[in-house]
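Architecture and fold: a report
Now for the letters of each chain:
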Amino acid sequence: MTEKIALTPATHTAPPARFSHGVKKGNILQVAGQVGFLPAVAGQPPVTAGPTLREQTLQTFANVKAILEEGGASWDDVMMMRVYLTDVAHFAEMNEIYDAYFEEQGLTAPAAARTTVYVGLPKGLLIEIDALAVLG
Amino acid sequence: MTEKIALTPATHTAPPARFSHGVKKGNILQVAGQVGFLPAVAGQPPVTAGPTLREQTLQTFANVKAILEEGGASWDDVMMMRVYLTDVAHFAEMNEIYDAYFEEQGLTAPAAARTTVYVGLPKGLLIEIDALAVLG
Amino acid sequence: MTEKIALTPATHTAPPARFSHGVKKGNILQVAGQVGFLPAVAGQPPVTAGPTLREQTLQTFANVKAILEEGGASWDDVMMMRVYLTDVAHFAEMNEIYDAYFEEQGLTAPAAARTTVYVGLPKGLLIEIDALAVLG
């Protein structure tokens, strides 16, 4: 029996429902859809990092990364990133931010696969990202 | 060679195309997108459980669960739930239904991760859910 | 340590950002969102196979298949296909194309699970597909 472990970074806001920010079982790690919420402040509702795509994307990356690290994984273990944007016009800018971020992270393994689609998100949110990782 | 097995509960309507409601290979079980269709009646087209989010969500859960069980899995094995809604205004109500349902199910492992996005669905459908499970 | 390998068919256009068209690690193979782009021509921007759903769907299948084969996998190994359409009115036609295509492919294992949702895609694109495979 392989144990299923919830990954709950101390910085994260409580999920709005009965789901985990991340789970790990055996060598599979799944990160739930993350958005650009700043680190949680006890007793206060979630606050986004800012109104811009850049602010929200970078905070979303930080939130995904915290969950990976909570599970003993890194960006190098990520197989798939799902990027949800609200506006096709944001694609080019998101790609610039994406590339610069992963350049800085100094990956040693090939970049993850990715799908980007354009959906509705709660008011004020411009991006959501989830990730599937396979640990080494 | 690990065998890939189709998971086809007797209660399910025939898929509208050449795909499986669920598949299992080794310890990985994938549930296809499920909607609020009532158990199939031979020779009749699919019928939704009702027009409300509550009716459709609970039926969708039942349909996902039947596939998990067909594969020898349970909610405890689910790593990721993808919830597709058609309207951001349904988020709070879906979360209430979601929480009450999983409370009732008496999970013994941490809750799955989840991503919720807002998309288009065929007319009359308010919710679709798929799930990835890793068996123990 | 299991190596993570990028799957980059020679026919594929360069991704528009720092992601891989496919990755494989251990027995898990993930194909990034593919669209109906024709085989790449050096120095030229991507060109879609045509304006119709049929042309784009068949080219998208070819692009997914090339990545699977680059990783030593086949359609039989695919557990999940995610199909993103832009218009609910395309569902029936996509299913016809889907069924005929997989009929021709002569699968020996059960068909993959599938989720189809309706989202926004970049201008001119009618379909995007990604896939998760578990190798044998």
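Here the residue numbering is sequential within each chain, running from 1 through the sequence in written order. For naming, the first written chain is A and the first written ligand is 1, with later ones following in the order written. A pLDDT threshold of at least 70 governs which residues receive local features in this predicted model, and a stricter bar of 80 or more applies before side-chain atom pairs are shown or counted, although totals over entire chains, interfaces and linings include all residues. Calculation of side-chain values draws on the structure's entire complement of heavy atoms; hydrogens and water are dropped beforehand.

When we look at a pair of aromatic rings, we describe it by the centre distance and by the angle of the planes. Classification of ring pairs rests on two measures: the distance between centres of Phe, Tyr or Trp rings, Trp counted by its six-membered ring, which must be within 6.5 Å, and the angle between planes, read as stacked under 30 degrees, edge-to-face over 60 and tilted in between. Taken as a whole and assessed by the stated rule, the structure comprises 24 aromatic pairs over all chains. Pairing C:Phe61 with C:Tyr98 gives two aromatic rings, centres 5.7 Å apart and planes at 65°, and the pair type is edge-to-face. Highlighted residues: C:Phe61 in helix H1 (residues 53-70) and C:Tyr98 in helix H2 (residues 91-105), separated in sequence by 37 residues. The buried label goes to any residue with under 20% of its type's maximum accessible area, the exposed label to any with over 50%, and the partly exposed label to all in between, with areas taken from a 1.4 Å probe on protein chains only. Its relative accessible area of 1% is what places C:Tyr98 among the buried residues. Through a chain of ring-to-ring contacts, three or more aromatic side chains come together here, namely A:Phe61, A:Trp75, A:Tyr98, A:Tyr101 and A:Phe102. A ring is considered to have a charge above it if a Lys NZ or an Arg CZ atom is located within 6 Å of its centre and within 35 degrees of its normal. We note B:Arg114 situated over the ring of B:Tyr98; from NZ or CZ to the ring centre the distance is 4.5 Å. Numbering of helices and strands starts at the N terminus; helices are DSSP runs of H or I of at least 4 residues and strands are runs of E of at least 2.

Contact between two residues is taken to exist if any of their heavy atoms lie within 4.5 Å; hydrogens are not considered. The interface of chain B with chain A comprises 30 residues on the first partner and 27 residues on the second. Carbon and sulfur atoms make up 59% of the area that chain B and chain A hide from each other, which totals about 2300 Å². When a carboxyl oxygen of Asp or Glu lies within 4 Å of a side-chain nitrogen of Lys or Arg, that pair is called a salt bridge. Ionic pairing is found between B:Asp77 and A:Lys25, a salt bridge with its closest N-O pair at 2.9 Å. Every element with two or more residues in the side of chain B that touches chain A is listed here: strand E4 (78-85), helix H2 (91-105), strand E5 (113-118) and strand E6 (127-134) of chain B. Once two parts are joined, some of their accessible surface, as seen by a 1.4 Å probe, is lost; buried area is that loss totalled over both.

Once that is clear, we can look at the environment of C:Arg54. Residues and elements named next belong to chain C. The topology assignment puts Arg54 in helix H1. For the pair Arg54 and Val35, spaced 19 residues apart in the sequence, the C-alpha separation amounts to 12 Å. Sequence-distant contacts of Arg54, that is, excluding residues within four places in its chain, are made with Glu93 and Ile97.

Residue and element names in this part refer to chain B. One open sheet accounts for six strands, arranged E1-E2-E3-E6-E4-E5; its pairing is mixed. With partners counted over all chains shown, the strands left at the sheet margins are strand E1 (4-7) and E5, one partner each. Neighbour to neighbour, the strand axes of the sheet diverge by 10° on average, direction disregarded. With four bridges joining them, E1 and strand E2 (residues 22-25) adopt antiparallel strand pairing. Within the sheet, the bridge partner assigned to Ile5 lies in E2 and is Lys24. On top of the sheet, helix H1 (residues 53-70) reaches E1, E2, strand E3 (28-34), E4 and E6; it is set at about 25° to E6, its chief contact. H2 rests against E4, E5 and E6 of the sheet, and its axis sits at about 155° to E5. Two strands make a pair as long as DSSP finds a minimum of two bridges between them. Between N-to-C directions, angles cover 0 to 180 degrees, with each direction set by a line fitted to C-alpha atoms, over the stretch in contact for helices.

Time to look at the pairing of strand E2 (residues 22-25) of chain C. Residues and elements named next belong to chain C. The pairing of strand E1 (residues 4-6) with E2 spans three bridges and is antiparallel. Pairing between E2 and strand E3 (residues 28-34): four bridges, direction antiparallel. Its bridge partner lying in E3, Gly22 is registered against Val31.

A few words now on the side chain of B:Asp130. Mapped onto the elements, B:Asp130 comes out in strand E6. Two N or O atoms count as a polar contact when they lie within 3.5 Å, although within protein this holds only if one can serve as hydrogen donor and the other as acceptor, and sequence-adjacent residues are included solely when both atoms are side-chain atoms. A distance of 2.7 Å separates the side chain of B:Asp130 from the side chain of C:Arg82, its partner in a polar contact. In terms of polar contacts, B:Asp130 uses its side chain to reach the side chain of C:Thr115, at 2.6 Å. Apart from the residues within four sequence positions on either side, B:Asp130 is in contact with B:Val31, B:Ala32, B:Gly33, B:Met80, B:Met81, B:Arg82, B:Tyr84, C:Met80, C:Arg82 and C:Thr115.

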